[in-house]
Amino acid sequence: MSLFKSSLLFFLLFLIPFFTFSQQENEITAGNYQLNFNQRGIHLFKNTIDPHDANLIPGGKLLGNLAISYKIGNGEWLQPYGASKLVENNEKTIIYSDYESGMPFETRQTFSLNENGLTWKIDIINQMQFPVKIGDMAVNFPWRAPGGGNPNEIFEQNFTKHHYISGDGSFLYFTKPNGEPPYYLFSVNPGTQLEYFKSERGNYLAFIHSAKTKEETKNGTWRQPQTSAQLAPKGQTGDTISYSFQLQSAKSYDALREHIYANDLIDVRVVPGMTIPAKQPAKFSLHTKTKIDSIIAEFPSETKINFLNEPKKDHFIYEVNFQKLGENKLSIYFEKNRKTYLEFFVTEDLETLVKKRSDFITNKQQHKTEKWYDGLYSIYDMKNKQLRGPDNNDGYTGWWGYVLASDDPALCKAPYVASKNSVYPDKKEIESLEYYIENFVWGGLQRTDKEEPYPYGIYGTPNWYVDRNPVLRAGVKNSNLDKMNIWRSYDYPHIVMLYYNMYLIAKMYPKMSTYADADEYLERAYQTAKAYFDYPYEILPWYETYKWGCYNELFILDLIDVLKEENRKKDAEYLENEWQKKVKYFVYDDKYPFRSEYSTDRTAFETSYAVAKYGATHEMPTDENLWFDKKLEKWYSHPKVEKADSRAFMDKQLYANLACRGWLETKYYLLGSDFTASSDTHTLSYMARMGGWGILDYALNFSEDPFDWLQLGYASYLSSYALMNTGTSENNYGYWYPGEENDGALGWAFMSSQYEDTWIKKKTPRGPWFYDGEADLGMGAIKRMAIIILAKDPLFDWIAYGGKLKTNVDSFEVFAADGINQKFAIINTEKNFRIELDRDGFSSLEPIKVSKKLDVIDFIIENRSSDTHSTQLKIKTEKEPVITIDSKKIKVRKINEYWIATLPISKSSHKVNMKI
């Protein structure tokens, strides 16, 4: 099944007081729409078939407020004097005007409701015998943004906003945080365009013109023209300017796309994403009734655009190849005088990015000092080309010191480096990791096995040095000083992931690991995972480990499997029992387990998918009084436990994931990216990949109609590579913050507005934040997301994700380029299979060759550790495969759903043949 188919100006504006609605309130209905209005504007708009009866417009706010700045001659910028008021009410049409005698122009707004939705027309009419220049013209769209503590209200009565500001192709759409329809689409009509935006929680300014804002905004950059408009003197041609919009509901994402098409806009799809490695092609589809006049590249001498075909009516397929690194814009001219944009970002090849980032962390972000933070990986400042730390803090003092030395910003770096080194081992980087563990983690950040009470506990904010000193701690915190500060659940999975990957490194490359052996790393991984379930809930129960999704905790499942393999079945059973408590809570005990410290939390969607997948693929026992909720003072019991319930929860959490992820928005910093309702200008955070993993995995393992999910999941994987500042001498080693010193640096998240403050209290121009912070959480998800996929898409035909495709008469050739090169899958409607390597990788120089019948595969394995060893090959297919390596047949065995072959590796490369 496919879920897509089922389902002073600005200051004054944002301080508009709540209106007390008059008793002369009116209602209009048409079809399934209801609109309520009063003398000042529209205060209710909804689809009456919504089971939750949600109003798109928040209480006390009105639809119909405009932000206009104008100038007469060489005078000052002014705002209109009058307030909008109702002047006509004719059945399905209401008209508001702000005009008072003596004003230079009238702004008249006409709202017409019919069974297809609401048409909003704005006329600006000159009333004077001289011209008027309109510098800013923006519509204020208030919406009910999520907040509060009531889960039903948060997820059923509120909306997350999606925006696509792209000239004549612009639209907004709104989804409930639970992901359920109806959805709402606000789109421009022909003759109206949007070019700029400003956003605050619950208020959104979409600019038709923004020349005044451009004139006054000195920082940052903007990628679209910022225009003004001219009103001719009254009575002359051009004395009136008109704009119009549509507001409609839709029952599914496909229905939203159909609205876009029907409204004479362009519904765009892009594969494999909009962050693209140089020299790898992308394809895009323009679904439109209008005529495409031309597509113009920003850098024409370094861009090739080819029209391919029209596989379905009004679906026009193009291929584009970029050579220039950094931002690349395509301007689409359609219907003669209309224009919209596709914004791509072009990177170096992904393997280079994966390696550069790890090298940068170990060589430029580790402190070597005699002080307490010896070994720490801290945040890097791209703008000032400095490694920050406790003694170079850039204002992060007191509690804010956590940014530098603890919690997610600091703790996410080592797990990524370890994950990378389990794939591409580098002795110098492994030595750096072990230095970090020996000098900063063990006995500092983490209590040792000899420290009582709470061995293996991990200290929280602001850092372990303060937390281990009662006087220092009391200087920055005023509560819970009687408790050991090792309760922050989020910190533990980072260290579990670190130790787990160090176990893999020590197991596969024992000569490169000198601080501890594989058994010791496995023990620390287990004990840290055990502490994760035990300590936070015991010490401070409101840190509800079973109720919140914590990034990287899915590594506990890998740890459980390894413990079983290592005959530590009792330890595996303990962790599995604890994990099952979480699975059952998410599936059965909380209607909306997508919250944490925040009313909505996009960090939930990595865990929510992981628990759904576990429950859908594992038998779990029924139970009585499984665990006691200290906060609510209740027991949780589960008299009925079925896989089907977890499978149903999987669909539910996918809908909620989509609600905070760009899907129809084809810009590289929106497509596949996560965002929050409170900071919808902050995109490309770690959850672009971490939550995107679930979408991609669903396409590969569960969906009966996987192609939309593949498109979105892979775009999510690629998206945040745009945060990396890398390059060659030709572009001075970086697009965002050039200079060789910054080659391999990373941005915390992406600022999509021109210039704005961030929650880390640093003003940031459009582009990546100049600190890295939590972004390496997303880098840590690369290994589990990276996969090469040969897919027969119903629209694009045969395409390669994570590789470059060449089609021959009797075969496909796919050159591996996903950054890791250890997984390969074929997805079509007839025959699917998947292969995985546990170490080494597919050569990026020689292609993976697949016969057109999809029954023979040839590939080259590269030996990444340059020694003699065995590599495990896993094949997911129905029939037993025949496998040879260097023409020698290899035995296969069946374990669960995979066929397993152990390949002897001794040379620099080996040729493998598979017949299926």
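Residues numbered from 1 in each chain as written. Predicted model: local features only at pLDDT ≥ 70, side-chain atom pairs only at ≥ 80, totals over all residues. Heavy atoms only, no water.

1. Focus: the overall build of the protein
Across its full length, the protein holds 22 helices and 48 strands. A globule of 916 residues ought to have a C-alpha radius of gyration of about 29 Å, and the protein, at 29 Å, matches this closely. Considered along the principal axes of its C-alpha atoms, the protein spans approximately 90 × 75 × 60 Å. Every one of the 916 residues in the protein was classed for burial, and the buried ones make up 65%. Only carbon and sulfur atoms are counted for the fraction: they give 48% of the accessible area of the protein, which is about 33,600 Å². (Helix = DSSP H or I, 4+ residues; strand = E, 2+ residues; numbered from the N terminus. Rg over C-alpha atoms; globule rule 2.2 N^0.38 Å. Buried < 20%, exposed > 50% of the residue type's maximum accessible area, 1.4 Å probe, protein only. Areas by Shrake-Rupley, 256 points an atom, 1.4 Å probe, with all protein chains shown as cover.)

2. Remarks on the packing of helix α15 (residues 569-589) against helix α17 (residues 643-659)
Packing of α15 against α17 leaves a shortest axis separation of 10 Å and a crossing angle of 70 degrees. Relative to α17, the element α15 lies roughly perpendicular. In contact with V583, F586, V587 and Y588 of α15, α17 contributes D645, S646 and F649. Per-class residue counts for the contact of α15 with α17 are five nonpolar, one polar and one charged. (Axes fitted to C-alpha atoms, helices over the stretch in contact; angles between N-to-C directions. Parallel < 35°, antiparallel > 145°, perpendicular 65-115°, else oblique. Contact = heavy atoms within 4.5 Å. Nonpolar A, V, L, I, M, F, W, Y, C, P; charged D, E, K, R; others polar.)

3. Concerning the side chain of S753
For S753, the location among the structural elements is in strand β32 (residues 750-756). At a separation of 3.0 Å, a polar atom in the side chain of S753 contacts the side chain of E756. Residue contacts for S753: discarding those within four places in its chain leaves F197, W222, T681, P765 and R766. (Polar contact = N/O pair within 3.5 Å; in protein donor to acceptor, adjacent residues only side chain to side chain.)

4. Re helix α16 (residues 604-617)
Along its 14 residues, α16 runs 20 Å from first to last C-alpha, staying within 8% of the 20 Å computed at 1.5 Å per residue. Most of α16 is tucked away: 12 of the 14 residues are buried. Of the positions making up α16, those classed as buried are A604, F605, E606, T607, S608, Y609, A610, V611, A612, Y614, G615 and A616. Each element contacted by the buried residues of α16 is listed here: α14 (555-565), α15, α17, α18 (687-690), α19 (692-701) and α22 (782-785). (Expected span 1.5 Å × (residues − 1).)

5. Examining the pattern of salt bridges
Per the counting criterion, the structure on display carries 62 salt bridges. Here K483 makes a salt bridge to D482, at a shortest N to O gap of 3.6 Å. Take K483: its relative accessible area is 26%, and that puts it in the partly exposed class. For D482, a relative accessible area of 66% puts it in the exposed group. Between R568 and D571 there is a salt bridge, with the nearest N and O atoms lying 2.9 Å from each other. Here the residues in one salt-bridge network are R223, E298, E327 and R766, joined through shared partners. (Salt bridge = Lys/Arg side-chain N within 4 Å of Asp/Glu carboxyl O.)

6. A few points about the sheet that holds strand β24 (residues 338-347)
Paired through their backbone hydrogen bonds, the strands of a sheet run either parallel or antiparallel. Across the sheet, which stays open at both edges, the four strands sit in the order β18-β24-β23-β20 with mixed pairing between neighbours. Single-partner strands in this sheet number two, and they are β18 (275-277) and β20 (292-297). Averaged over all adjacent pairs, the angle separating strand axes in this sheet is 30 degrees, with direction ignored. The pairing of strand β23 (residues 326-334) with β24 spans nine bridges and is antiparallel. Note on β24: the bridge partner recorded for F334 is R338. (Pairing = 2+ DSSP bridges.)

7. Topic: the side chain of S646
With respect to the helices and strands, the residue S646 is situated in helix α17. Filtering out sequence-adjacent residues up to four positions away, S646 remains in contact with V583, V587, A612, G615, A616 and M620.

8. Structural notes on the pairing of strand β44 (residues 882-885)
By the bridge criterion, four bridges tie β44 to strand β48 (residues 909-915) in an arrangement that is antiparallel. Each residue of the ladder has a partner; that of I883, found in β48, is M914. Direction of pairing for β44 relative to strand β45 (residues 888-890): antiparallel, over a ladder of three bridges. Residue pairing in the sheet places I885 in a bridge with K888 of β45. Two successive antiparallel strands, β44 and β45, enclose a turn made up of two residues, where D886 displays a positive phi of approximately 50 degrees.

9. Examining the environment of E156
Structurally, E156 is set in helix α2 (residues 151-156). Along the backbone, E156 and E180 are 24 residues apart, and their C-alpha atoms lie at a distance of 8.3 Å.

10. Focus: unusual backbone geometry
Residue P182 is reached from P181 by a cis peptide bond, and omega for that bond is 10 degrees. Its location among the elements puts P182 in the loop between β11 (171-175) and β12 (183-188). Looking along the chain, the bond that leaves V271 and enters P272 is cis, with omega of 0 degrees. The residue P272 is located in the loop between β17 (267-271) and β18 in this model. The residue N567 is not glycine, and still its phi comes out positive at about 60 degrees. For N567, the location among the structural elements is in the loop between α14 and α15. What makes N567 exposed here is its relative accessible area of 65%. With a phi angle near 55 degrees, N732 is a residue other than glycine that sits in the positive phi range. You can see N732 is positioned in the loop between β30 (724-725) and β31 (745-746).

11. Overview of the packing of aromatic side chains
Tallying each qualifying case throughout the model produces 81 aromatic pairs. In this structure, R602 is placed above the aromatic ring of Y686, and the distance from its NZ or CZ to the ring centre is 5.8 Å. Its guanidinium or amino end placed over the ring of Y721, R689 lies 4.2 Å from that ring's centre, counting from NZ or CZ. (Phe/Tyr/Trp six-rings, centres within 6.5 Å; stacked < 30°, edge-to-face > 60°. Lys NZ or Arg CZ within 6 Å of the ring centre and 35° of its normal.)

12. Quick look at the environment of G841
Mapping G841 onto the fold places it in strand β40 (residues 841-842). Aside from chain neighbours lying at most four places away, what touches G841 is N821, Q822, I860, I861, E862 and R864.

13. Observations concerning the confidence of the model for the protein
Parts of the prediction with low pLDDT should not have their coordinates interpreted in detail. Residues of the protein with pLDDT of at least 70 account for 97%, and the chain-wide mean is 95. Contacts of residues 6-23 to residues separated by more than four positions or lying in other chains number 42 contacts, the stretch itself having pLDDT below 50. (pLDDT = per-residue confidence, 0-100.)

14. Topic: the nonpolar core
In terms of nonpolar packing, the biggest core is built from 263 residues, with F344, Y436, L710 and I789 touching the most fellow members. Ranked by residues supplied to this core, first place goes to helix α12 (residues 491-508) with 13 residues. Setting aside chain neighbours within four positions, we find F344 in contact with V270, G273, M274, I276, A282, V320, F322, G326, E327, N328, L330 and Y668. Ranked by size, the runner-up nonpolar core spans 32 residues in total, among them L790, L837, I875 and M914. (Core = buried A, V, L, I, M, F, W, Y, C linked by side-chain atoms within 4.5 Å.)

15. Section: the sheet that holds strand β19 (residues 282-287)
Reading across the sheet, the four strands line up as β17-β19-β22-β21 and stay open at both edges, with antiparallel pairing between neighbours. A single partner strand is all that each edge strand has here, and the edge strands are β17 and β21 (303-312). Strand-to-strand twist in this sheet, taken as the mean axis angle between neighbours without regard to direction, amounts to 20 degrees. Two elements, β17 and β19, share five bridges in a ladder whose sense is antiparallel. Paired with V270 across the strands is F284, a residue of β19. Seen against the sheet, helix α4 (residues 253-262) touches β17 and β19 and runs at an angle of roughly 120 degrees to β17.

16. With respect to the packing of α19 against helix α20 (residues 707-719)
In the contact formed by α19 and α20, the axes pass within 8 Å of each other and the chain directions differ by 145 degrees. Once α19 is placed against α20, the crossing between them reads as left-handed. Listed contacts from α20 to G692, I695, L696, Y698, A699 and L700 of α19 are W709, L710, L712, G713, Y714 and S716. In terms of residue class, the contact of α19 with α20 is made up of nine nonpolar, three polar and no charged. (Left-handed = near helix turned anticlockwise from the far one by under 90°.)

17. Comments concerning helix α9 (residues 427-441)
Relative to the 21 Å expected for 15 residues at 1.5 Å per residue, α9 spans 20 Å between its end C-alpha atoms, a close match to the ideal helical length. Those residues of α9 that fall on the buried side of the exposure criterion are E429, I430, S432, L433, E434, Y436, I437, F440 and V441. N-cap assignment for α9: the residue whose side-chain oxygen lies 3.1 Å from the backbone N of K428 is D426.

18. Some points on the state of the cysteines
Counted according to the given criterion, the structure contains zero disulfides. Between C412, a cysteine without a disulfide, and C550, which holds the nearest cysteine sulfur, the sulfur-to-sulfur distance is 15 Å. Judged by relative accessible area, which is 1%, C412 ranks as buried. Residue class for C550 comes out buried when judged on its relative accessible area of 1%. (Disulfide = S-S within 2.5 Å.)

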